[in-house]
Amino acid sequence: MLSAISRFSLDYGAKASAKLLANLSGLVANGDFLWTVSDEGRSFECLRSTGDEFILDKQFLVDDLVHSFPGAPSPQDPEGAELDLEAIDFYDGHLWLCGSHCNVRKKAKRKDELNAEIRARPSRNFLARIAVESAGASLGQVTVAPFDGPDLSEKRCRVIRI
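Quick notes on the rules
- Residues numbered from 1 in each chain as written.
- Predicted model: local features only at pLDDT ≥ 70, side-chain atom pairs only at ≥ 80, totals over all residues.
- Heavy atoms only, no water.
- Phe/Tyr/Trp six-rings, centres within 6.5 Å; stacked < 30°, edge-to-face > 60°.
- Buried < 20%, exposed > 50% of the residue type's maximum accessible area, 1.4 Å probe, protein only.
- 1 Å grid on protein atoms, 1.4 Å probe; cavity = no way out; pocket = protein on both sides within 12 Å on 5 of 7 lines; lining within 4 Å.
- Points joined across faces, edges and corners; volume = space filled by probe spheres on them.
- Helix = DSSP H or I, 4+ residues; strand = E, 2+ residues; numbered from the N terminus.
- Nonpolar A, V, L, I, M, F, W, Y, C, P; charged D, E, K, R; others polar.
- Contact = heavy atoms within 4.5 Å.
- Patch = residues over 30% accessible without salt bridge, like charges linked within 9 Å, V, L, I, M, F, W, Y side chains within 5 Å.
- Areas by Shrake-Rupley, 256 points an atom, 1.4 Å probe, with all protein chains shown as cover.
- Salt bridge = Lys/Arg side-chain N within 4 Å of Asp/Glu carboxyl O.
- Pairing = 2+ DSSP bridges.
- Axes fitted to C-alpha atoms, helices over the stretch in contact; angles between N-to-C directions.

J.: Is there a simple way to explain the packing of aromatic side chains in this structure?
T.: Centre distance and the angle of the planes are the two values used to describe a pair of aromatic rings. Tallying each qualifying case throughout the model produces three aromatic pairs. Note on W35 and F44: the rings are 6.2 Å apart at their centroids and 35° apart in plane angle, and the pair reads as tilted. F44 shares its class with W35; the two are buried. Summarising the aromatic geometry, the rings of F44 and F60 are spaced 5.2 Å apart at their centres and angled 20° between planes, so their arrangement reads as stacked.

J.: Is there a simple way to think about the layout of surface pockets in this case?
T.: The gaps of empty space that remain are located by a probe, the size of a water molecule, rolled over the atoms. Roughly 320 Å³ of internal volume is contained in the largest pocket. The set of elements that each furnish at least two residues to the lining of the largest pocket consists of α1 (18-22) and β5 (53-61). The class makeup of the residues in the lining of the largest pocket is three nonpolar, six polar and seven charged.

J.: Quick question: what am I supposed to make of the environment of R105 here?
T.: Inspection of the secondary structure assignment puts R105 in strand β8 (residues 104-105). The sequence separation of R105 and I118 amounts to 13 residues, and the corresponding C-alpha distance is 4.5 Å. Leaving out residues up to four positions away in the same chain, R105 has contacts with L114, N115, A116, E117 and I118.

J.: Explain a nonpolar patch on the surface here, please?
T.: On the surface, a nonpolar cluster with roughly 290 Å² of combined accessible area is contributed by F8, L10, L21 and L24. Within the secondary structure, L10 sits in strand β1 (residues 9-11).

J.: For this particular structure, what's the right way to read the sheet that holds strand β3 (residues 33-38)?
T.: Whether parallel or antiparallel, the strands of a sheet pair through hydrogen bonds between backbone atoms. In space, the five strands of this open sheet follow the order β1-β5-β4-β3-β2, with mixed pairing throughout. The open sheet has two free edges, formed respectively by β1 and β2 (24-30), since each of these has just one partner strand. Across this sheet, the average inter-strand angle for adjacent strands is 30°, counted without regard to direction. As paired strands, β1 and β5 are joined by three bridges and run parallel to one another. Following the sheet pairing, L10 is matched in β5 by F54.

Here it is, written out as structure tokens:
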């Protein structure tokens, strides 16, 4: 259990790319599991406690769970747009994933300038609730908030069963 540990390590094994490790943006503990997200990737990870270490149990690709959202991989863009996952939480048997919901400033032509042009990044408007089953790393129903419009209420969410 994470609350009893003052210092711990994370072992992602073969999945431990420099990009993943340098961009961890959120984590949440749930029992013997620690869940992490990266703001540069399209995945979230479940690590299992072995005492003072958490070892990767499973990596989940968002694209395998949710197939239709702005910026999803397509024949024209096989890698898809960045989701910019910034937050993860666990509540009432569900894992919650949240993108940054931000717009981005276009790059300036010179380093000492700031470009005033802002562009929307719909792929970053990601909010998903994922049922976690068997008190562990098994996933159930996935609910995704709509990507357009001001109403992100539960009744407007698309339900996807896996």
